[in-house]
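Tertiary structure, described
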Amino acid sequence: STSRPTTRHPSRARAAMLLRPAARLARKLTWSLPRFLPPTSLRRTMAAAAAELTSKRRELYPPVDTYNTGMLKVSDIHTIYYEEAGNPEGIPVVVVHGGPGGGSLAKYRQFFDAEKYRIIQFDQRGCGKSTPHASLEDNTTW
């Protein structure tokens with residue numbers, strides 16, 4: 001007579017045996033987790049502070065006019081429009097509009113503090129006020 005194995009899938013029994021220590025460790029870590037959390041009162045304070053921060057919406061900066069605009073010839077065909085606003089001596093920041101076919105908007109300047117930044121916007125080739133409008137000729141990125 002032949003004896004039957006205690007399990008039909010020896011590989012499953014082996015896997016269960018190998019995973020037991022990991023499962024024990026996971027249970028131990030889970031049970032000991034609350035010891036590492038801050039006290040309940042501090043957790044409530046932290047949650048209230050986070051809620052207050054997320055409830056305050058950041059407003060845009062006030063509208064700002066440009067102090068310099070122009071057209072820059074970049075090829076035999078294309079001329080791109082650019083504009084500058086904010087503090088001429090400020091930290092330069094370049095604003096790139098979305099696309100395809102978009103252009104610079106005055107509202108984009110309101111994302112920056114005009115007293116601190118020199119805001120430079122340009123319309124990409126074929127977009128906005130750049131010429132020729134919607135032209136793909138000689139319009140590559142390399």
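Counting of residues starts from 1 at the beginning of each chain's written sequence and follows it residue by residue. Confidence filtering applies because this is a predicted model: local features only for residues at pLDDT of at least 70, side-chain atom pairs given and counted only at 80 or more, and all residues used for totals across whole chains, interfaces and linings. Note that water and hydrogens are dropped before the side-chain values are worked out from all heavy atoms of the structure.

**A look at the overall build of the protein**
Put simply, the test is: A run of H or I in DSSP becomes a helix once it reaches four residues, and a run of E becomes a strand once it reaches two; helices and strands are each numbered from the N terminus. When a residue's accessible area, from a 1.4 Å probe over protein chains only, is under 20% of the maximum for its type it is buried; when over 50% it is exposed; and in between it is partly exposed. What makes two residues a contact is simply this: any of their non-hydrogen atoms within 4.5 Å.
The number of helices and strands found in the protein is two helices and four strands. When the elements of the protein are put in sequence order from the N terminus, they spell out α-α-β-β-β-β. The 142 residues of the protein split such that 20% are buried. The contacts of the protein with a sequence gap of at least 6 include a subset with a gap of at least 24, amounting to 60%.

**Brief notes about the side chain of histidine 97**
Condition: The term polar contact refers here to a pair of N or O atoms within 3.5 Å; inside protein, the definition further demands a hydrogen-donor-capable atom paired with an acceptor-capable atom, and it admits residues adjacent in sequence only when both atoms are side-chain atoms.
Following the sequence through the fold, histidine 97 ends up in the loop between β3 (91–96) and β4 (117–122). A distance of 3.1 Å separates a polar side-chain atom of histidine 97 from the backbone nitrogen of glutamine 124. Not counting the four nearest positions on each side in its chain, histidine 97 is found in contact with Gly102, Gly103, Ser104, Tyr108, Phe122, Asp123, Gln124 and Cys127.

**What to know about the packing of aromatic side chains**
Quick reminder of the rule: Between the rings of Phe, Tyr and Trp (Trp by its six-membered ring), a pair exists once the centres lie within 6.5 Å; its type follows the angle of the planes, with under 30 degrees stacked, over 60 edge-to-face, and the other angles tilted.
Counting across every chain of the model gives one aromatic pair. Ring centres of phenylalanine 112 and tyrosine 117 lie 6.0 Å apart, and the angle between their planes is 70°; this geometry places the pair in the edge-to-face category. Residue classification places phenylalanine 112 among the partly exposed positions, given a relative accessible area of 21%. Overall, tyrosine 117 belongs to the partly exposed group, its relative accessible area being 23%.

**Notes on the confidence of the model for the protein**
Quick note on the threshold: How sure the predictor is of each residue is captured by pLDDT, a score from 0 to 100.
Residue-level pLDDT values for the protein average 76, and 59% of them are 70 or greater. Put simply, helix α1 (residues 10–32) is where the protein has its lowest mean pLDDT, 59, and strand β1 (residues 66–73) is where it has its highest, 93.

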